[in-house]
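Observations on the three-dimensional arrangement
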Amino acid sequence: MMSMSSFRGYGKVEAAAKQARLEASWKTRKRVTVISISTIILVCVIVAAVLGTSQSSGGNSKRVGANSQFHSTVKAVCDITLYPSTCFDSLAPLAKSKDMQLEEVFKLATQVAKTELQRASQFFSEHSSFKGIIADIMTEVALEDCHQLLSLALDHLNSTLSSSSGTTSFSLLEAADDLKTWLCSAGTYLETCKDGFENANPTLKTNIVNWLKNSTELTSNSLAIISWISKVQSSLKLRRLMSFSEHHQVPEWLSPRDRQLLQSSDHLKKKAQIVVVKDGSGQYRNITAALKDVPDKSGKRFVIYVKEGIYYENVRVDKTKWNFVMIGDGMNATIVSGRLNFVDGTPTYSKATFAVFGKGFIARDMGFQNTAGAIKHQAVALMSNSDQSVFYRCFIDAFQDTLYAHANRQFYRECNITGTVDFIFGNSAVVLQNCNILPRVPLPGQKNTITAQGKFDPNQNSGISIQNCTISPYGDLSSVQTYLGRPWKNHSTTLYVGNLMGSFIDPSGWLPWTGTSAPDTIFYSEFQNYGPGSLTKDRVKWQGVKNITRKQASKFTVSSFIQGNRWISAAGVPYKSGL
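Presented here is an overview of the structure given in this document. (Residues numbered from 1 in each chain as written. Predicted model: local features only at pLDDT ≥ 70, side-chain atom pairs only at ≥ 80, totals over all residues. Heavy atoms only, no water.)

**Some remarks on the overall build of the chain**
Each helix and strand in the chain was counted, giving 16 helices and 26 strands. Contacts spanning at least 24 positions in sequence make up 73% of the contacts within the chain whose residues lie at least 6 apart. In the structure as shown, the chain presents an accessible area of about 23,200 Å², 52% of it carried by carbon and sulfur atoms. (Helix = DSSP H or I, 4+ residues; strand = E, 2+ residues; numbered from the N terminus. Contact = heavy atoms within 4.5 Å. Areas by Shrake-Rupley, 256 points an atom, 1.4 Å probe, with all protein chains shown as cover.)

So this is what it looks like as structure tokens:
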């Protein structure tokens, strides 16, 4: 049997040591914050800021007092972040008004994070010559990945500023779910950039980490502040009538009748603007060429129908392709196939057979596969960065790292997903519902782990929620240990609710990333699962493995966790809103 050190060898990047140190200080600060801020700041400062009760004053001495009071407010806000010194040092010099409310502090914090990220991005631009002197192809690709990842992070910070700028009719509190999602994703992109250099030249790796340090901390601070504002809102019993996501205009179809007919694949195919056929009888022979005709940033659905066949290509749906639908002739009939992999020199982020970035993406009746095989280790079949993306009746087929649910909000319904090591992974907020999850035979000595969730910041609203699925073997696993997951990062969050679990699931349930235990800060739980593999009496006794109530489990449903009622319904896909 392979040793644990060997097992780590085919795993992902271990969380940075600095994060572990931050956890200890964060626990102490959190305890202090709960006491001090709840009793003093929450009453004296937050009520005044949120409800706008700060008083005006005149005279030089009063202005000095007001500025001092504002600096105290900034310090109180910064004390709830993971990086309070960075927060205060960046905000205090910019404070020009004693009347700034918490919402304005948040916007200022996000603007500071954006400015710093632009500076870091410029570093990559100016040091593009690194590519010419680095012999390692994987490091060259990682540098290019960072260019793209920082661009995505800037997009999300811009979206955050735009939605909190006062140009819309919705308050910051109404937009909180979206803002937290975008800031969580921005932080994820920065973390992924750094992860790409784990095995790079130590000097280059150190330079990358140092140049992203301020951006990482400032983005995390913005996330902490908006998360705190949301909690304050609840404490003050201010009630949002509906989430900001519900206000978003859903993509348009041709008529109300069309929306009702979306569950009919034949109807959807007839509405397709582009047809792709391998034999040349459609407008295009391959998907990549067809994507050039998909309009940018469309407010209406645009449909591509990909007819039966195996399409050997690596497809990328760019971030400008909004509300795009791809429909095939069935998960086993229309297949996109590739074989990029880690062993042959491609970083995890770049190896997906099918990668989607544009928001509002829908895939139906499609297959996505990576045929590199177990021997090539990490080989991604599907990666989604698309916010409010939906995958319905899709086959996602590979071995290690099959489905990379990288960032933002995602929903999978009635999909078949195969794999071995960490084959559902990433740091999105994702719900998989009524799917078949199919662990398969790994390399000799390997252990199967279904999930590897990547939440690294306690304020992130990400996690994996597996609901009403069937978990069964895809081959003979009688001699293979198979686990529900292992914690990729220190706040890894995974929940199994109402699933049928086969007897092949190891009785201990969860596997450590390293050593014999897991960080206390993870959140793993099982609720109302059934079948021989669902028995929990012999599960690991980690502090982060929780027994939860129905009310707690309901926080990981479609309606609560990904705020999906409206956008999933608009996609014409069946779903269950709650438990």
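**Thoughts on helix 8 (residues 176–195)**
Relative to the 28 Å expected for 20 residues at 1.5 Å per residue, helix 8 spans 28 Å between its end C-alpha atoms, a close match to the ideal helical length. Of all 20 residues that make up helix 8, 20 are buried, and the element is covered over most of its length. (Expected span 1.5 Å × (residues − 1). Buried < 20%, exposed > 50% of the residue type's maximum accessible area, 1.4 Å probe, protein only.)

**Side note on the pattern of salt bridges**
Here the structure, examined in full by the defined rule, presents 19 salt bridges. Here Arg409 ties to Asp178 by a salt bridge, and the two come within 2.6 Å at their closest N and O atoms. Separated by 231 residues along the polypeptide, Arg409 in strand 14 (residues 409–413) and Asp178 in helix 8 bring together distant segments of the chain. The two residues Arg409 and Asp178 agree in class, both being buried. One salt bridge connects Asp422 with Arg486, and the closest N-O pair in it is separated by 2.8 Å. With Asp422 in strand 16 (residues 421–426) and Arg486 in the loop between strand 22 (482–485) and strand 23 (493–497), this residue pair connects regions lying 64 residues apart in the sequence. With respect to class, Asp422 is no different from Arg486; both count as buried. Each of Glu191, Lys194, Asp195 and Lys489 takes part in one network of salt bridges that share partners. (Salt bridge = Lys/Arg side-chain N within 4 Å of Asp/Glu carboxyl O.)

**Section: the nonpolar core**
For soluble globular proteins, nonpolar side chains are generally found buried alongside one another. In this structure, Leu91, Phe124, Cys193, Phe197 and Ile208 are the most contacted members of the largest nonpolar core, which totals 60 residues. At the level of secondary structure, the elements contributing two or more residues to this core comprise helix 3 (60–78), helix 4 (84–91), helix 5 (102–126), helix 7 (137–163), helix 8 and helix 9 (202–235). Apart from residues no more than four positions distant in its own chain, Phe197 is found in contact with Thr139, Ala142, Leu143, Cys146, Leu204, Lys205 and Ile208. With 56 residues, the next largest nonpolar core counts Leu291, Tyr496, Ile522 and Val540 among its residues. (Core = buried A, V, L, I, M, F, W, Y, C linked by side-chain atoms within 4.5 Å.)

**Brief notes about empty space enclosed by the protein**
In total, this model carries three cavities of 30 Å³ or more according to the counting rule given. Put simply, the largest cavity is a space of about 50 Å³. As for the largest cavity, its lining consists of Leu183, Gly187, Thr216, Thr219, Ser220, Leu223, Phe456, Asp457 and Gln460. Those elements giving two or more residues to the lining of the largest cavity turn out to be helix 8 and helix 9. The element that contributes the greatest number of residues to the lining of the largest cavity is helix 9, accounting for four residues. (1 Å grid on protein atoms, 1.4 Å probe; cavity = no way out; pocket = protein on both sides within 12 Å on 5 of 7 lines; lining within 4 Å. Points joined across faces, edges and corners; volume = space filled by probe spheres on them.)

**Remarks on the sheet that holds strand 8 (residues 362–364)**
Strands sit in the order 1-2-5-8-11-14-17-20-23-25-26 across an open sheet of eleven strands; the sheet is parallel. What marks the edges here is a single partner per strand, and that holds for strand 1 (274–276) and strand 26 (545–546). Note: strand 8 against strand 11 (residues 389–392), three bridges, orientation parallel. Note on strand 11: the bridge partner recorded for Ile362 is Val390. (Pairing = 2+ DSSP bridges.)

**Quick look at the state of the cysteines**
Each disulfide is one covalent bond, formed between the sulfur atoms of two cysteines. Evaluated as defined, the whole model comprises two disulfides. Here Cys78 connects covalently by a disulfide to Cys87, the sulfurs 2.0 Å from one another. Residues Cys78 and Cys87 share a disulfide whose torsion about the S-S bond is about -65°; that sign makes it left-handed. The exposure class assigned to Cys78 is buried, which follows from its relative accessible area of 1%. A sulfur-sulfur separation of 1.8 Å characterises the disulfide bridge that pairs Cys146 with Cys193. On the sign convention where negative is left-handed, the bridge of Cys146 and Cys193, at about 105° about the S-S bond, is right-handed. Of this pair, Cys146 sits in helix 7 while Cys193 sits in helix 8, and the two are 47 residues apart along the sequence. Counting its disulfide-bonded cysteines in sequence order, the chain shows a connectivity of 1-2, 3-4. Not part of a disulfide, Cys394 finds its nearest cysteine sulfur in Cys415, a span of 4.8 Å. (Disulfide = S-S within 2.5 Å.)

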